[in-house]
Amino acid sequence: MKSFYLHTFGCQMNEYDSERIAQGLLDAGWQVSPDAEGADLLLLNTCTVRQLAEQKAFSLLGRWIALKRRRPEVVIGMVGCLAQHLAQDAFKRAPEIDFIAGPRALTRIPELAEKAGRFRHGAEIGDSGYGHGVTTPVFHGWQARVAVMEGCNQFCAYCAVPHARGREMSRPVEDILQEVEKRLMSGAREIMLLGQNVNHYGFDLGKEMDFAELLRQVAQLPGVSRIRFMTSHPKDFSPRLIKALAEIPHVCQALHLPLQSGADAVLSAMRRGYTLAAYRDLVERLRAAVPGIGLSTDLIVGFPGETEEDFQATVQAVRDLNFDMAYCFKFSPRQGTVAATLPGAVFPDVREKRLGELLENIRQAAVASQAGHVGKREKVLVEEMDPSRTGHVKGRTPINHWVSFPGPESWLGTEVPVNITAAYPGGLLGEPETK
Ligand code: SAH
Ligand code: SF4
């Protein structure tokens, strides 16, 4: 039996895509190889969001090409966002690649892999119906990801995603519910609903369907303990969705709400469609409707034209908004995006300095957020035995803080109420309430 080895770069959506690719290959009779050395098919699921992800993909590819020199029968496939983005240029940059497949052509991979030995340089980057149908999932753990939509219509000035993943397309509700049910039946307890802009879910499905309604339907499925979702665009956050967050049991009272910058001039150049004041207003409404709601965000430093004053506005926003967690990226120009052609590039050393300063502020915010939970009671979904504390289990709170506390293996996959007793770098400690 032929075997494949699959390496994934990038976001949760790519991880999810990889699960579907793997399942497609298993269904077609392939088996998983534990390493690249022994595999017949090497697959690279790529990301194009930043230059670094592209460099990492080509560096791993370099190692696989060396392997192919020793074993020429090995088939190499580059799939996902970068494959779509580079299209035929991928073959020019690395002629050893046998085939490429874009994010909407992943169902074609078994066929492309099969043909690769005979016809080198197969390419499928169009839409071959990937977004349709339901996968039979393999059990990966207590969490399961389920995509609710593909693509993005926003075209933020810096972002390669709409170019690589195409326009938005909502998956039919029945497909999503069926896939969630299968995940629950195979043991998952926490469902992460994925999309580039989930708040926009349903715009192409008629008046009755929106993301708030989808959440209500998913929450009714038996066996679901927790529902998370990402990503929410601040521009499209409806009052209905705020209400849904406050009302629906199982929906984690935690949000990932990318701000990107604290300066209105930069937000406008990024084409984000909101001001800092509008973002603050949304956060206030969310905190009023859902007291204690957790908030995480994404920020970019060094966007073209970003002045020191603009950057300080971002630092101030981080100080004021009390994020529980923030992810910070240096601007990376991506071919084909508006921002790649904008004047006012920020020098690399300035970008580096700003990143450092912002990360320090983010670290302080995260420490404060953790410390703020000491003395509180949190529900923890137990995910594993704590490898560094004998007799302890480990799991996450609704806002994704890790908590370690004494408990037996039989608690794995259940939600346990825990009194938080202390914070340490990277997590919390607690004592379980008697279950
Ligand atoms: N759809 C999601 C995820 C987009 S990619 C969203 O809208 O948030 C994840 C994050 O990568 C973005 O939020 C942004 O902060 C960052 N990012 C995207 N393109 C980038 C670029 N060209 N340079 C630096 N960071 C980028
Ligand atoms: Fe990219 Fe903006 Fe779409 Fe997010 S919303 S994927 S940042 S274009």
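In case you missed it, the structure is sitting above this.
Residues numbered from 1 in each chain as written. Chains lettered and ligands numbered in written order. Predicted model: local features only at pLDDT ≥ 70, side-chain atom pairs only at ≥ 80, totals over all residues. Heavy atoms only, no water.

**Student:** For this particular structure, what's the right way to read the nonpolar core?
**Tutor:** When a protein is soluble and globular, its nonpolar side chains tend to lie buried together. Counting residues in hydrophobic clusters, the biggest one holds 58 residues, and the most contacted among them are Leu-193 and Phe-211. When residues in this core are grouped by element, the largest group, six residues, is from helix 8 (residues 211-219). Here this core spans two domains, and each of domain 2 (140-252) and domain 3 (278-371) adds at least three residues to it. Once residues lying within four places of it in the same chain are set aside, the contact partners of Phe-211 are Val-148, Leu-193, Val-198, Asn-199, Tyr-201, Phe-229 and Leu-241. Phe-9, Cys-47, Leu-67 and Leu-82 belong to the second largest nonpolar core, which has 25 residues in total. (Core = buried A, V, L, I, M, F, W, Y, C linked by side-chain atoms within 4.5 Å. Buried < 20%, exposed > 50% of the residue type's maximum accessible area, 1.4 Å probe, protein only. Helix = DSSP H or I, 4+ residues; strand = E, 2+ residues; numbered from the N terminus. Domains from an automatic or database assignment. Contact = heavy atoms within 4.5 Å.)

**Student:** Quick question: what am I supposed to make of helix 2 (residues 51-70) here?
**Tutor:** Counting along an α-helix, one turn takes 3.6 residues, and residues three or four places apart therefore face a common direction. Between its first and last C-alpha, helix 2 extends 29 Å over 20 residues, near the 28 Å set by a 1.5 Å rise per residue. Within the sequence span of helix 2, burial applies to Ala-53, Glu-54, Ala-57, Phe-58, Leu-60, Leu-61, Trp-64, Ile-65, Leu-67 and Lys-68. On its buried side, helix 2 packs onto strand 1 (3-8), strand 3 (41-46), strand 4 (75-80), helix 3 (81-86) and helix 4 (89-93). (Expected span 1.5 Å × (residues − 1).)

**Student:** How do you make sense of the site of ligand 2 when you look at a structure like this?
**Tutor:** The immediate surroundings of ligand 2 are formed by Cys-152, Gln-154, Phe-155, Cys-156, Tyr-158, Cys-159, Val-161, Pro-162, Gln-196, His-233 and Arg-272. In the shell around ligand 2, the residues fall into seven nonpolar, three polar and one charged. (Near = heavy atom within 4 Å. Nonpolar A, V, L, I, M, F, W, Y, C, P; charged D, E, K, R; others polar.)

**Student:** Whenever I open this one, the site of ligand 1 confuses me. Can you help?
**Tutor:** Around ligand 1, the surrounding shell holds 14 residues, and the nearest of these are Arg-50, Gln-196, Gln-260, Asp-298 and Ser-332. For ligand 1, a nitrogen atom lies 3.0 Å from a polar atom in the backbone of Tyr-158. When ligand 1 sits alone it has 540 Å² of accessible area, and the protein chains cover 89% of it. Counting residues per element, the ones that place at least two in the shell around ligand 1 are strand 13 (294-301) and strand 14 (325-330). (Polar contact = N/O pair within 3.5 Å; in protein donor to acceptor, adjacent residues only side chain to side chain. Areas by Shrake-Rupley, 256 points an atom, 1.4 Å probe, with all protein chains shown as cover.)

In short, geometric facts, not functional conclusions.
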